[in-house]
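Fold and contact review
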Amino acid sequence: MFKGFKDFLLRGNVIDLAVAVVIGTAFTAIVTAVVNSIINPLISLFLKADAAGDFGIPVTNIYGEEVLFPIGDLISAIITFLAVAAVVYFVFVLPMNTFKARVEARKGTPAEEPEEEPAAASEAELLVEIRDLLKAQRGV
């Protein structure tokens, strides 16, 4: 049981995953700060903020009270997600795929498609070939 766990830990995937989580968390904090300090003020130029500082689309309900749909938070979350996803793809995924393709090219095999082996001849086809070779040897 412990040998399998040790092999899993030493395989390298766990360390790569841990590094990715730490870097992703740190980068998420940076993106959140940029969104809160630059994007949110830009959005608030077009949308009115309420007393709590949330901004969005104000709508009057059936009782005549104003209800605020905090669309600014949604826009901020979408921008944060897209920024983090783009960085993870372009900094981690794309270079790793390129690296794997180069390693496979150095090995001499295509990265995605293994070479196809010729189909084995059936027993009847082999017997026909043997018969034809024997006839050719006899001169018939």
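Residues numbered from 1 in each chain as written. Predicted model: local features only at pLDDT ≥ 70, side-chain atom pairs only at ≥ 80, totals over all residues. Heavy atoms only, no water.

Describing the overall build of the protein
Threshold: The helix count covers DSSP runs of H or I at least four residues long, the strand count covers runs of E at least two residues long, and both are numbered beginning at the N terminus. Burial classes follow relative accessibility: with a 1.4 Å probe on protein chains only, a residue under 20% of its type's maximum area counts as buried, one over 50% as exposed, and anything between as partly exposed. By definition in these notes, contact holds between two residues if any of their heavy atoms fall within 4.5 Å.
The helix and strand inventory of the protein stands at four helices and three strands. Along its sequence from the N terminus, the protein presents helices and strands in the succession α-α-β-β-β-α-α. Within the span of the protein, comprising 140 residues, buried residues form 9% of the whole. By sequence separation, contacts in the protein at least 24 residues apart represent 30% of the contacts at least 6 residues apart.

Details of the pattern of salt bridges
To keep things clear, this is the line we draw: The term salt bridge refers to a side-chain nitrogen of Lys or Arg lying within 4 Å of a carboxyl oxygen of Asp or Glu.
Across all of its chains, the model carries two salt bridges by this definition. Ionic pairing is found between K107 and E104, a salt bridge with its closest N-O pair at 3.9 Å. Within this pair, K107 and its partner E104 are both found in helix α3 (residues 71–107), separated by three residues, close to a single helical turn. You can call K107 exposed: its relative accessible area is 59%.

Looking at α3
Going by this rule: How far a helix is expected to stretch is found by multiplying one less than its residue total by 1.5 Å. Two axes enter the definition of the bend at a residue: one is fitted to the seven residues ending there, the other to the seven starting there, and the bend is the angle between them.
The end-to-end C-alpha distance of α3, which contains 37 residues, comes to 52 Å, matching closely the 54 Å that a straight helix rising 1.5 Å per residue would cover. At Y89, α3 is bent by approximately 35 degrees, the largest bend along its length. Every buried residue of α3 is listed here: G72, S76, T80 and V84.

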